[in-house]
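Observations on the three-dimensional arrangement
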Number of protein chains: 2
Amino acid sequence: MSSSNTPTVVVVGAGFGGIFLARQFRKAAVNVILIDRNNYHTFSPLIYQVATAGLNPQDVAYPVRSIFVRDDNIEFLRGEVIAVATDNKQVQVCHNEVAQWVDYDYLVIAAGAQSNDFGNAEVGRFAYSLKTLEDALALRSHIIGLYERGNWDTRDPYHEAATNFVVIGGGPTGLETAGALQELFDNVLRQEYSAFRDNQVNVYLIEATDVLLRPYPERLQASAKQQLEAMGVEVITGHMVTGFSEEGVTLDDGRFIHTYTVVWAAGVKAESLAGQLGVELARGGRIPVEPTLAVTGLDSVYALGDIAYLEDENGQPYAQVIPVAQQQAKRVAKNIMAAMHGDPAETFTYFDKGSMATIGRRRAVAWVFNRLQMTGFLAWAAWLWLHLVTLLGFRNRVMVVINWTWNYLRYYSGGRTLLIEPPDDVPEQIERLKLID
Amino acid sequence: MSSSNTPTVVVVGAGFGGIFLARQFRKAAVNVILIDRNNYHTFSPLIYQVATAGLNPQDVAYPVRSIFVRDDNIEFLRGEVIAVATDNKQVQVCHNEVAQWVDYDYLVIAAGAQSNDFGNAEVGRFAYSLKTLEDALALRSHIIGLYERGNWDTRDPYHEAATNFVVIGGGPTGLETAGALQELFDNVLRQEYSAFRDNQVNVYLIEATDVLLRPYPERLQASAKQQLEAMGVEVITGHMVTGFSEEGVTLDDGRFIHTYTVVWAAGVKAESLAGQLGVELARGGRIPVEPTLAVTGLDSVYALGDIAYLEDENGQPYAQVIPVAQQQAKRVAKNIMAAMHGDPAETFTYFDKGSMATIGRRRAVAWVFNRLQMTGFLAWAAWLWLHLVTLLGFRNRVMVVINWTWNYLRYYSGGRTLLIEPPDDVPEQIERLKLID
């Protein structure tokens, strides 16, 4: 794929870091091979909107090849990196049961993070994650299927459990999901499923520590909680879920919540590819990097974003958020160009524009430049604007605006089409049927 | 579900006929129960656009509950009708392995048609149908997966077969699909998959009879063929596919076409529910109806659209097209209201506005009022307009316009995200890998 003299940069991961990095090499005398297991980039901050039927999956997915269709020096390879041979400067990529070795001159690991169950196998069995688009579709299909069935099976225990939603984790994803679930029921499900017209929904947001949005200032933490409660969400802090079953969850104080819908948003860990580098991993399975973002102890290998571990001047690890990945991508690109020219690498510095979390359709908290604190509608408008300017591609942006405006005005959502069926949804053997009438 | 005095109309099928029928009963003193196995209505004429990545699935799917959210007398039930007991005036509906009997006063069967393999089991094994949204997604995933893999496996036989597409059936669906596949390759796949940049695509449209678009006038048949050939499609009439395998198809003259992609658009037959009524079925498995659209020999049961068999004044069966279903729905609604009031039923008359078939992004043939014959861009514009005014729901219409405009200008398509993975796409057992490098 590369001509003999042009150096090849292999980038693993087409998230915000990987895409941003590859873009830096447009028109550079470099061959870039960008590898991802999906042929699309996911706009991850809006995954929860797909899960709660507010957006369609294609609104937050963008085919990677489209982004680089005019860039002859940037090649996309769909596959999973399963091994790294730093001695030979090769990565092994697997696709459809076929594996191949790909040579690199410079390697950048930007493979991101995955949901962290902290070793509790019950989480994977009984809870829905929200890290990937597939996760979102699974949760959406589950909820719609639950209500389609609830319109048939109107017996009490089913309806009670179907209207209890449990969200575990008081970070931005947990807050956003809890708010969106409350709105999904109040504005859509109750209108469209007549058997639920007299039900109330109970959304429980459960956080083990005493506060929501841990890194935020106290005023914003309190505002987030108050805004959620004003919507109707029941916020439970200082308690953990200790038991999972098909019928619900049990808290550490013995409380049992009867539910069929549990969302796990309690934390992330690095993608397991980090373990293939042969270096000792840092907290959360992250790859330790030097301030230049070169992987500690390796030659010509860099890591950035959620999968990399670097501490700031206060000894705190950089947060696993998009702006860190984007700014690190810029630094890595410059340091690779410097290395090619024999120039010294420079260290990463972070410009923190602040953080935001949204709570439903009109509420949010924002902490701009870590100074200005905004709450309510103003914060929500700022969040909306930020997402739109960050969204990749004009067309996706137009779609999202239309979807949002339409949702906002009508609470209509095409996202409710139940397209992915459980395979045994309509049994061929009628003998297996339980007759209820 | 129904109060004791209000009669209940059960409608099976939420296609154009079923939706149109239910709408007639808005504000009427009737309870309507509309049943479909999907919770969405499919805009079936555009399914081929989803299959060829021109539209997203949600653009052509509309949640049924949204259509009737303001109509308290119209209830939607998601499920499959598996039995009809006309003696007891009941249908048995199955959903998630649970079945229930639903009472009716009047029953309308509008369950539509399915792909017809004419008893050839190889069709289902080796060819893709285009009757449902799931069909379309399966074909789309197949094509994108083929090209993702082709960027890896650049050996010759693979590339040759990947660039051969075979479409069987010279009706509107076959023409539309053949044209769309040719454009998909020329404008999208070849741009984005560098390993295919020097390939040509060969789209074969195979029709057993001597003409395309059988019921159309000769001039339009000839124009359709000429327009397809001008695009690059190879039209083969007067030949049948007699053999299918994983490596390709064999024609009745012994010709072998090496291909991984075969689309079956050679005909439809009535949904198998027709067989549950206990009446002798007409040609194509269709339910014979009286000119009033009452099912011959049954009381208070009607059938309409693709699943019903009725001959026009010339002794020809009505075509299985949307306008017939819509106009029959109107007649059935009136005849049910008449029956409730003890008035006599009236017979169905059809107002034929004509037919159209599109061939790619700028070409079509149209036969307006069975008199005016249009070809080329003018026919295409007419086709576009007709589809937009018929599309259910303002939002879907806006989406489709944006998607189309964008596709037309840029040949971009978000529809290429490979979301539904074959389950063994990334094997967990690395031992199973064939190493090719």
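Residues numbered from 1 in each chain as written. Chains lettered and ligands numbered in written order. Predicted model: local features only at pLDDT ≥ 70, side-chain atom pairs only at ≥ 80, totals over all residues. Heavy atoms only, no water.

Thoughts on the overall build of chain A
Helices and strands together make up the secondary structure of chain A, namely 11 helices and 25 strands. Taking all 437 residues of chain A together, the buried fraction comes to 57%. Contacts spanning at least 24 positions in sequence make up 62% of the contacts within chain A whose residues lie at least 6 apart. Looking at chain A as shown, the accessible area adds up to about 18000 Å², and 49% of this sits on carbon and sulfur atoms. (Helix = DSSP H or I, 4+ residues; strand = E, 2+ residues; numbered from the N terminus. Buried < 20%, exposed > 50% of the residue type's maximum accessible area, 1.4 Å probe, protein only. Contact = heavy atoms within 4.5 Å. Areas by Shrake-Rupley, 256 points an atom, 1.4 Å probe, with all protein chains shown as cover.)

Let's talk about the packing of aromatic side chains
All names here are of chain A. Counted by the stated rule, this structure contains 22 aromatic pairs over all chains. Geometrically, the ring pair formed by Y158 and Y260 is tilted, given 5.4 Å between the ring centres and 45 degrees between the ring planes. Of this pair, Y158 sits in helix α6 (residues 156–162) while Y260 sits in the loop between β16 (256–258) and β17 (261–264), and the two are 102 residues apart along the sequence. On the accessibility criterion, Y158 (9% relative accessible area) is buried. Put simply, the rings of Y147, F185, Y193 and F196 touch in pairs and so form one group of aromatic residues. (Phe/Tyr/Trp six-rings, centres within 6.5 Å; stacked < 30°, edge-to-face > 60°.)

Comments concerning the sheet that holds strand β23 (residues 364–368) of chain B
Think of a sheet as strands paired side by side through backbone hydrogen bonds, with each pair either parallel or antiparallel. Residues and elements named next belong to chain B. As summarised here, the arrangement of the three strands in space is β22-β23-β24, forming an open sheet in which the pairing is antiparallel. Pairing within the sheet leaves two strands with one partner each, and these edge strands are β22 (354–358) and β24 (372–375). Within the sheet, the average angular offset between the axes of one strand and its neighbour, ignoring direction, is 5 degrees. Where β23 lies against β24, four bridges are found, and the strand directions are antiparallel. Residue pairing across strands places W367 opposite Q373, the latter belonging to β24. (Pairing = 2+ DSSP bridges. Axes fitted to C-alpha atoms, helices over the stretch in contact; angles between N-to-C directions.)

Considerations on the nonpolar core
The biggest cluster of nonpolar side chains holds 61 residues, and the ones touching the most others in it are L130(A), I143(A), Y147(A), L175(A), L189(A), L205(A) and L228(A). Once you skip the residues sitting within four places of it in the chain, L189(A) turns out to touch I143(A), I144(A), Y147(A) and L184(A). One finds Y48(B), A224(B), A366(B) and W367(B) within the second-largest nonpolar core, a separate group that totals 60 residues. (Core = buried A, V, L, I, M, F, W, Y, C linked by side-chain atoms within 4.5 Å.)

Observations concerning unusual backbone geometry
Residue and element names in this part refer to chain B. If you check the backbone angles, A53 has positive phi at about 65 degrees while not being a glycine. At S300, a residue that is not glycine, the phi angle is positive and equals roughly 60 degrees. Residue S300 is classed as buried on the basis of its relative accessible area, which comes to 14%.

Overview of the sheet that holds β17(A)
Residue and element names in this part refer to chain A. Read from one edge of the open sheet, four strands run β13-β12-β11-β17, paired in parallel fashion. Among the strands making up the open sheet, the edge pair consists of β13 (234–237) and β17. Within the sheet, the average angular offset between the axes of one strand and its neighbour, ignoring direction, is 15 degrees. Strand direction decides the pairing type here: strand β11 (residues 164–168) and β17, joined by four bridges, are parallel. Bridge pairing in β17 links I168 to W264. Docked against the sheet, helix α5 (residues 133–150) engages β11 and β17, running at close to 165 degrees with respect to β17. Here helix α7 (residues 172–192) sits on the sheet in contact with β11, β12 (202–207) and β17, set at roughly 170 degrees to β12.

Section: the side chain of H159(A)
Residues and elements named next belong to chain A. Mapping H159 onto the fold places it in helix α6. For H159, the side chain forms a polar contact with the main-chain oxygen of G150, separated by 2.8 Å. At a separation of 3.4 Å, a polar atom in the side chain of H159 contacts the side chain of N199. Look past the residues within four positions of H159 in its chain and what remains in contact with it is G150, D153, T154, A195, F196 and N199. (Polar contact = N/O pair within 3.5 Å; in protein donor to acceptor, adjacent residues only side chain to side chain.)

Topic: the pairing of strand β15 (residues 248–251) of chain A
All names here are of chain A. Bridge count between strand β14 (residues 241–245) and β15: four bridges; the pairing is antiparallel. Directly across from S245, in β15, lies its bridge partner G248. Between β14 and the antiparallel strand that follows it, β15, lie two residues. Note: β15 against β16, three bridges, orientation antiparallel. Bridge pairing in β16 places T250 opposite F256. Hairpin connection between β15 and β16: a loop of four residues separates the two successive antiparallel strands, and G254 in this loop has a positive phi of roughly 90 degrees.

With respect to the pattern of salt bridges
Counting across every chain of the model gives 16 salt bridges over all chains. R197(A) is the partner of D72(B) in a salt bridge, and the nearest nitrogen-oxygen pair spans 3.7 Å. Residue D72(B) is found in the loop between α3 (64–67) and β5 (74–78), and its partner R197(A) is found in the loop between α7 and β12; the two belong to separate chains. A relative accessible area of 66% means that D72(B) is categorised as exposed. Judged by relative accessible area, which is 36%, R197(A) ranks as partly exposed. When salt bridges that share partners are traced, they join R37(A), E80(A) and E271(A) into one network. (Salt bridge = Lys/Arg side-chain N within 4 Å of Asp/Glu carboxyl O.)

A short note on helix α7 (residues 172–192) of chain B
Residue and element names in this part refer to chain B. The end-to-end C-alpha separation of α7 is 29 Å, in line with the 30 Å expected for 21 residues at 1.5 Å each. Where α7 bends most, the angle comes to about 40 degrees, and this point is F185. Counting buried positions along α7 gives 15 out of 21 residues, so the element sits mostly inside the fold. (Expected span 1.5 Å × (residues − 1). Bend = angle between axes of the 7 residues up to and from the residue.)

Topic: the side chain of T292(A)
Residue and element names in this part refer to chain A. Looking at the secondary structure, you find T292 in the loop between β19 (287–288) and β20 (301–303). On the basis of relative accessible area, T292 is assigned to the buried category, the value being 17%. A distance of 3.3 Å separates a polar atom in the side chain of T292 from the backbone nitrogen of A294. Leaving out residues up to four positions away in the same chain, T292 has contacts with Y302, N335, A345, E346 and T347.

Looking at the confidence of the model for chain A
All names here are of chain A. Here chain A shows a mean pLDDT of 87. Residues at 70 or above account for 87%. Across residues 420–437, confidence stays below pLDDT 50; counting only partners more than four residues off in sequence or on other chains, it has 33 contacts. Interface confidence in the predicted complex, given as ipTM, is 0.79; pTM for the same model is 0.85. (pLDDT = per-residue confidence, 0-100.)

Focus: the pairing of strand β6 (residues 80–85) of chain B
Residue and element names in this part refer to chain B. Of all six residues that make up β6, six are buried, and the element is covered over most of its length. Two elements, β6 and strand β7 (residues 90–95), share five bridges in a ladder whose sense is antiparallel. Within β7, the position partnered with V84 by the bridge is V91. Where β6 folds back onto β7 in an antiparallel hairpin, the turn is made up of four residues, including K89, whose phi is positive at roughly 55 degrees.

So, the packing of α5(A) against α7(A)
Two quantities define a packed helix pair, namely the angle between the axes and the distance from one axis to the other. All names here are of chain A. Direction vectors running N to C along α5 and α7 enclose 40 degrees, while the axes themselves pass 13 Å from each other. With respect to each other, α5 and α7 are oriented oblique. For α5 against α7, the interelement crossing comes out right-handed. Judged by residue contacts, I143, I144 and Y147 of α5 engage L181, L184, F185 and L189 from α7. (Parallel < 35°, antiparallel > 145°, perpendicular 65-115°, else oblique. Left-handed = near helix turned anticlockwise from the far one by under 90°.)

Things to note about the packing of α7(B) against helix α8 (residues 218–231) of chain B
All names here are of chain B. Packing of α7 against α8 brings their axes to within 10 Å, and their N-to-C directions diverge by 15 degrees. Between α7 and α8, the angle falls in the class roughly parallel. Between α7 and α8 the crossing geometry is left-handed. Facing α7, whose interface residues are L175, A178, G179, Q182, E183 and D186, α8 presents A224, L228 and M231. In terms of residue class, the contact of α7 with α8 is built from five nonpolar, two polar and two charged. (Nonpolar A, V, L, I, M, F, W, Y, C, P; charged D, E, K, R; others polar.)

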